[in-house]
Amino acid sequence: MVQKYQSPIRVYKQPFELVMEAYERRFPTCHLIPMFVDSEVLEETESEDGAIHQVQRRCKLDVDAPRLLKRIAGVDYVYFSQENTLNKRERTLHIESHNETFSNRVIIHELCSYSAHPENEDWTCFEQSASLDIKSFFGFESTVEKMAMKQYASSIKKGKEIIEFYLNQLEEEGISHVPRWTPSLDAPSSSSSSVTTKPVCATPKLLQLELPVTPAVSIPVSTDANDHEIATAINNDATQSDATSNDATSQPENQMENQTGTPDDKLDADYIKRYLGDLTPLQESCLIRLRQWLQESHKGKTLTLTPSSPSSPPFQIPKDEHILRFLRARDFNMEKAREILCQSLTWRKQHQVDYLLETWTSPQVLNDYYTGGWHHHDKEGRPLYILRLGQMDTKGLVRALGEESLLRHVLSINEEGLRRCEENTKVFGRPISCWTCLVDLEGLNMRHLWRPGVKALLRIIEVVEANYPETLGRLLILRAPRVFPVLWTLVSPFIDENTRKKFLIYAGNDYQGPGGLLDYIDKEVIPDFLGGECMCEVPEGGLVPKSLYRTAEELENEDISLWTETIYQSASVFKGAPHEVVIEIIDASSVITWDFDVCKGDVVFHLYHSKRAPQTPRKDPLVGQHSSITTPGGNNVQLIDKSWTLGLDYSMVESPLTCKEGESVQGSHVTRWPGFYILQWKFHTMPGSASTNLPRVDDVLASLQVSSHKCKVMYYTEVIGSEDFRGSMTSLESSHSGFSQLSHATSSSNHSQSSSMISR
């Protein structure tokens, strides 16, 4: 498997020419990189006007590997090739390097660049990317891969220290300015000046690398103990903070707030420290790569529908803070984080959670009897939510409101929590991405263990865990009674292990002693009912009057109406059983529009036309019909009869579009004829290799990812009548959308691109 690394942009607050002067001082030797034994300049060229300078080197490295492994590999030194291209006119330095030793077993490719800051010409940016592909290495592949990426990322700080060391040295010598390159009067004026070759310098120079690219061969003898030790080191590296440099740029406040969600930007050290917190280089790389994947998979314009109908919102890429929560929830495993993030974003879109705070109005019974509310913040600046669970009549609330209303109310609390975290980040000047919850259990008894109430609680926990990971910073459980262990036994298996570690449980008045409430909450904001002096506006609760209870039938009907208000439908697509939707068109020049998300697997989307009416839909009996917020089900409808012949009984009017898992697609089609139009989502089968009948590894892995050859889509279709159609090309472009209002509404995030499928 190819390991990739992408760094954020690092900014030196010195001009490009001064940084290049510091860079050149690494030659011919650099005591800060002792593993570089020697380097030989193979070729050195310069343009006639002196603007472009190219150097090719071959570097000799003495890797820190056990002698036994060196004997097995048959090498004492490792060689790398590097090509540097300095463009003084454009103020850029591009560095490309790759390994020569073991190149048939290990492929290392690194790209680095220095450039003038686009917004401040007196600053210099540095960025790099690298890839590591281990084909084979004497049976040590896993160990080499783990250790290589860990060492590679940890060397970033060392690379920064080298530049800073020589910058400080220049400052001590009184050199604070290096003039910019200017063309000489007799030099060629063409920007494509010819290049002349200079004689190779006889004195070897030490190869410069911003990050040494040697970890692939810096390996110990592989043992099970070593594997465990390396894995532990990597885990520790993923959790420890990496100090950000003082040379990073400090951007204006309003510019910082608009920095995420754009397709072209990268992460700056000051921005990371200010809004995201301390991240290791590997964690920064995971965040950048996942954001880039979202941008590439969900780029494009949104669908414009008729003014009288529900419309798709202008989705954008989520904020970095939101993406980071899902990465942390999966210990920065890219694939796992991407999967749960896509599922959550689809869930938000299906149930219009982005608009919950604007559309949801709490019933009066919740205002009177739901014993929870926001109350100032804790000592770390986290929003503080107080829940007096022991005073809450859970049975009465479930009987009066139903499970869905309670769930929607809890979701609104979580959405409010996200908003408060953003506000506190601005107020306190440091990243605040989670909140503290204080749960008072005084009054908890067996009536709280009413089975439907516990069922509703477990469902709420399930939804919150799936869609709001890493939003709970600390949970303080106070005055836990004797019945609490019973409740804890019921709910704890449904709570993520990382979340459970954030629970602090106090029995009786233990919270008033050392290590108690005062360690986490200022004395001035401790609620009055806990012995403090601060008045708390959280309702005191009490029993919900039975006169407010609803019948089971009323609750069932209301629950259905709450979560079926979504304009989307769900469908399952099986191998050999596509899902199809028929739309009858009376007037030509009508517009058929569609908006769908691929929730699972890969599908191929088709649009057909037929003069004949399809048969009565045949539904797959194995797939349920009911859709719920936690487990959206789906149907499977097949309309095209197997006896129909393509080109005779029906025809294709849109080119097929292959859609990958997690993609969101919108499009439209101007109908040319009346009749029946059939939208089809078909299971995508990976093509086999043309040179062999054996399946490819990628094909096998892809087939294993789609359980039981099943895909899921969530879709919405609408027809715009010809009399309403105004010919707007914006509404006729198929595209892959971005994501929801979790993203920043910035002008730069509107750089969308339409997909390859353009409606006719």
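Below, the structure is looked at part by part. Just so it is clear, the structure is predicted and the values come from calculations on it, not from any experiment.

Here is what the cut-offs are and how they apply
Residues numbered from 1 in each chain as written. Predicted model: local features only at pLDDT ≥ 70, side-chain atom pairs only at ≥ 80, totals over all residues. Heavy atoms only, no water. Helix = DSSP H or I, 4+ residues; strand = E, 2+ residues; numbered from the N terminus. Buried < 20%, exposed > 50% of the residue type's maximum accessible area, 1.4 Å probe, protein only. Contact = heavy atoms within 4.5 Å. Areas by Shrake-Rupley, 256 points an atom, 1.4 Å probe, with all protein chains shown as cover. Phe/Tyr/Trp six-rings, centres within 6.5 Å; stacked < 30°, edge-to-face > 60°. Salt bridge = Lys/Arg side-chain N within 4 Å of Asp/Glu carboxyl O. Pairing = 2+ DSSP bridges. Axes fitted to C-alpha atoms, helices over the stretch in contact; angles between N-to-C directions. Disulfide = S-S within 2.5 Å. Parallel < 35°, antiparallel > 145°, perpendicular 65-115°, else oblique. Nonpolar A, V, L, I, M, F, W, Y, C, P; charged D, E, K, R; others polar. Core = buried A, V, L, I, M, F, W, Y, C linked by side-chain atoms within 4.5 Å.

## Things to note about the overall build of the chain
For the chain, the helix and strand inventory stands at 18 helices and 25 strands. Within the chain, the proportion of its 760 residues that are buried is 53%. Taking the intrachain contacts of the chain between residues at least 6 apart in sequence as the baseline, contacts between residues at least 24 apart amount to 79%. Surface summary for the chain: the accessible area is close to 35,600 Å², and the carbon and sulfur share equals 51%.

## Structural notes on the packing of aromatic side chains
Per the stated rule, a full pass over the model turns up 16 aromatic pairs. Grouped by ring-pair contacts, the aromatic residues Trp594, Phe596, Phe605, Trp681 and Tyr715 constitute a single cluster.

## Details of the pattern of salt bridges
Between side chains of opposite charge, a pair can form when the charged atoms approach closely. Within this structure, the stated rule accounts for 26 salt bridges. Between Arg612 and Asp649 there is a salt bridge whose closest N-O contact spans 2.8 Å. Here Arg612 is found in the loop between β18 (603-610) and β19 (618-619), whereas its partner Asp649 is found in the loop between β20 (637-638) and β21 (651-659), with 37 residues between them in sequence. Salt bridges sharing common partners tie together Glu403, Glu404, Lys455 and Arg459.

## Observations regarding the environment of Asp528
Mapped onto the secondary structure, Asp528 falls in the loop between β14 (503-507) and α17 (552-563). The residues contacting Asp528, other than those within four sequence positions of it, are Cys534, Met535 and Cys536.

## Some points on helix α1 (residues 16-24)
In terms of burial, α1 is largely enclosed, as seven of its nine residues are buried. Taken together, the buried positions of α1 are occupied by Phe16, Glu17, Leu18, Val19, Met20, Ala22 and Tyr23.

## Considerations on the sheet that holds strand β10 (residues 372-377)
Spatially, five strands are ordered β10-β11-β12-β13-β14 in an open sheet, and the strand pairing comes out mixed. In this open sheet, the two strands that pair with only one neighbour each are β10 and β14. Going across the sheet, the axis of each strand differs from the next one's by a mean of 20°, ignoring polarity. Looking at chain direction, strand β13 (residues 472-480) and β14 are connected through four bridges and run parallel. Paired with Leu476 across the two strands is Leu504, which belongs to β14. Those strands touched by helix α13 (residues 403-428) are β10, β11 (383-387) and β12 (435-440), and its axis lies near 5° from that of β10.

## Some details on the side chain of Thr471
Secondary-structure assignment places Thr471 in the loop between α14 (451-467) and β13. Since its relative accessible area comes to 4%, Thr471 is described here as buried. In this view, Thr471 contacts Arg325, Asn414, Leu418, Ser433, Cys434 and Trp435; residues no more than four positions away in its chain are not counted.

## Looking at the state of the cysteines
Per the counting criterion, the structure on display carries zero disulfides. Left without a disulfide partner, Cys534 is nearest to the cysteine sulfur of Cys536, which lies 7.1 Å away. Judged by its relative accessible area of 12%, Cys534 is buried.

## Side note on the packing of helix α6 (residues 269-276) against helix α8 (residues 320-329)
At a minimum axis separation of 11 Å, α6 and α8 run at an interaxial angle of 75°. Accordingly, the angle class assigned to the pair α6 and α8 is roughly perpendicular. On α8, the residues that touch Tyr271, Tyr275 and Leu276 of α6 are Asp320, Glu321, Leu324 and Arg328. Its residues placed into classes, the contact of α6 with α8 shows four nonpolar, no polar and three charged.

## Topic: the nonpolar core
Generally speaking, soluble globular proteins have nonpolar side chains that are buried together. Grouped together as the largest cluster of nonpolar side chains are 49 residues, with contacts concentrated most on Tyr370, Leu397 and Leu441. Listed by contribution, the elements that provide at least two residues to this core are α11 (364-369), β11, α12 (394-401), α13, β12, α14, β13 and α15 (484-491). Once residues within four sequence positions are removed from consideration, Leu397 is found in contact with Val365, Leu366, Tyr369, Tyr370, Met392, Gly402, Leu406 and Val544. Within the second largest apolar cluster, 32 residues are counted, among which are Tyr23, Phe36, Val78 and Leu86.

## A look at the sheet that holds strand β23 (residues 675-683)
Taken together, four strands build an open sheet; the order of strands is β16-β23-β18-β21 and the sheet is antiparallel. Of all strands in the sheet, those with a lone pairing partner are β16 (579-585) and β21, marking the two edges. On average, adjacent strands in this sheet sit at an angle of 15° to one another, irrespective of strand direction. One ladder, built from six bridges, connects β18 with β21; its direction is antiparallel. Across the sheet, residue His609 finds its bridge partner in β21, namely Ser651.

## Let's talk about the pairing of strand β8 (residues 124-134)
Judged by how many residues are buried, β8 sits mostly within the fold: eight of 11 residues are covered. Relative to β8, strand β1 (residues 3-6) runs antiparallel, the two being bridged by four bridges. Residue pairing in the sheet places Lys4 in a bridge with Ser131 of β8. One ladder, built from 11 bridges, connects strand β7 (residues 106-116) with β8; its direction is antiparallel. Each residue of the ladder has a partner; that of Ile108, found in β8, is Leu132.

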